[in-house]
Amino acid sequence: MKLGAFDIALLSDGTFAKVAFIRECSEPESLVRDLPVFRNVLDRLSDAIFFHAPEDGRVLYANDIACSSLGHDRQALVGMLPSDYTDAPASPRTWREIVARIENEGVAVFEARHQRKDGTFFDVEVKATQVQAGLDRFIVTVTRDITERKLAEARLIEERNK
């Protein structure tokens, strides 16, 4: 058995908070699936949290808000690629560029449009960082719905142009 530890930076409102969980495990995936306290914390956050495989962006974990915002259950989201729920298919090259930016700068912040299961879209701000769990590495994205912010910005622009 190896000792696994999460040293995760949860990005909310542009701030960082470190949370560490240590436990013995034989499978790295069980660190995400089997820590009830860890999952309870993630599922109570107001932003969508995704754990992605760094190689291809495949979803390894999605919290409750991620599931409800996209209209999928967790079982359906796990295994999806970002291109499965964004309006512009993310190419493997784009994913590698995001991962490279995280490796160089520690974080990548960008806007995107997510697509719900019913086909509707909403604007999001994505903050992505890298997490090390024992010898395994994950990309964690904190995704915030910015639809209201975008609407307010559009109203301001419209008023200025009058």
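Predicted model only: the values in this text are computed from it and were never measured.

K.L.:
How should the overall build of the protein chain be read in this particular structure?
P.N.:
Helix and strand content of the protein chain: six helices and seven strands. Mapped in sequence order, the helices and strands of the protein chain form the string β-β-α-α-β-β-α-α-α-β-β-β-α. For the protein chain, the residues scored as buried account for 39% of the 162 residues in total. In the protein chain, the share of contacts with a sequence separation of at least 24, taken over all contacts with a separation of at least 6, comes to 42%.

K.L.:
Help me understand the confidence of the model for the protein chain in this model?
P.N.:
Per-residue confidence for the protein chain gives a mean pLDDT of 81; residues scoring 70 or more make up 75%. Of the regions scoring below 50 in pLDDT, residues 1-11 engages in 59 contacts with residues more than four places distant in sequence or in other chains. For residues 16-25, every residue scores under 50 in pLDDT, and the model assigns this stretch 36 contacts once sequence neighbours within four places are set aside.

K.L.:
Even after reading the chapter, I still don't get the environment of Val-131, so can you show me in this structure?
P.N.:
Tracing the chain through its elements places Val-131 in strand E6 (residues 121-133). Along the primary structure Val-131 and Pro-54 are separated by 77 residues, whereas in three dimensions their C-alpha atoms are 10.0 Å apart.

K.L.:
Quick question: what am I supposed to make of the nonpolar core here?
P.N.:
A general tendency of soluble globular proteins is for nonpolar side chains to be buried together. In this structure, Phe-50, Val-59, Ala-62, Ala-66, Leu-70, Leu-77 and Tyr-85 are the most contacted members of the largest nonpolar core, which totals 13 residues. Only strand E3 (48-52), strand E4 (59-62), helix H3 (64-70) and E6 provide two or more residues apiece to this core. Setting aside anything within four residues of it in sequence, one finds Leu-77 in contact with Phe-50, Val-59, Ala-62, Ala-66, Cys-67, Leu-70 and His-72. Counting ten residues, the second-largest nonpolar core is a separate cluster that includes Leu-42, Val-131, Val-140 and Val-142.

K.L.:
Any chance you could explain the pattern of salt bridges here in plain terms?
P.N.:
Two side chains carrying opposite charge are able to pair once their charged atoms lie near each other. Under the defined criterion, the tally for this structure stands at 13 salt bridges. For Arg-58, the salt bridge goes to Asp-56, with nearest N and O atoms at 3.8 Å. Judged by its relative accessible area of 33%, Arg-58 is partly exposed. Where Lys-127 meets Glu-125, a salt bridge forms, and the shortest distance between an N and an O atom there is 4.0 Å.

K.L.:
Just checking my understanding: could you explain the packing of aromatic side chains for this structure?
P.N.:
Two aromatic rings are characterised by how far apart their centres lie and by the angle between their planes. Enumeration over the complete set of coordinates arrives at three aromatic pairs. Plain terms: the ring middles of Phe-50 and Tyr-85 are 5.4 Å apart, the flat faces sit at 10° to each other, and that makes the pair stacked. Here Tyr-85 lies in the loop between helix H4 (74-77) and helix H5 (92-105) and Phe-50 lies in strand E3, a separation of 35 residues in the sequence. Given a relative accessible area of 1%, Phe-50 falls into the buried group. When its relative accessible area of 2% is taken as the criterion, Tyr-85 is described as buried. Ring geometry for Phe-51 and Tyr-61: centres 5.8 Å apart, planes at 85°, overall edge-to-face.

Definitions and limits used
Residues numbered from 1 in each chain as written. Predicted model: local features only at pLDDT ≥ 70, side-chain atom pairs only at ≥ 80, totals over all residues. Heavy atoms only, no water. Helix = DSSP H or I, 4+ residues; strand = E, 2+ residues; numbered from the N terminus. Buried < 20%, exposed > 50% of the residue type's maximum accessible area, 1.4 Å probe, protein only. Contact = heavy atoms within 4.5 Å. pLDDT = per-residue confidence, 0-100. Core = buried A, V, L, I, M, F, W, Y, C linked by side-chain atoms within 4.5 Å. Salt bridge = Lys/Arg side-chain N within 4 Å of Asp/Glu carboxyl O. Phe/Tyr/Trp six-rings, centres within 6.5 Å; stacked < 30°, edge-to-face > 60°.

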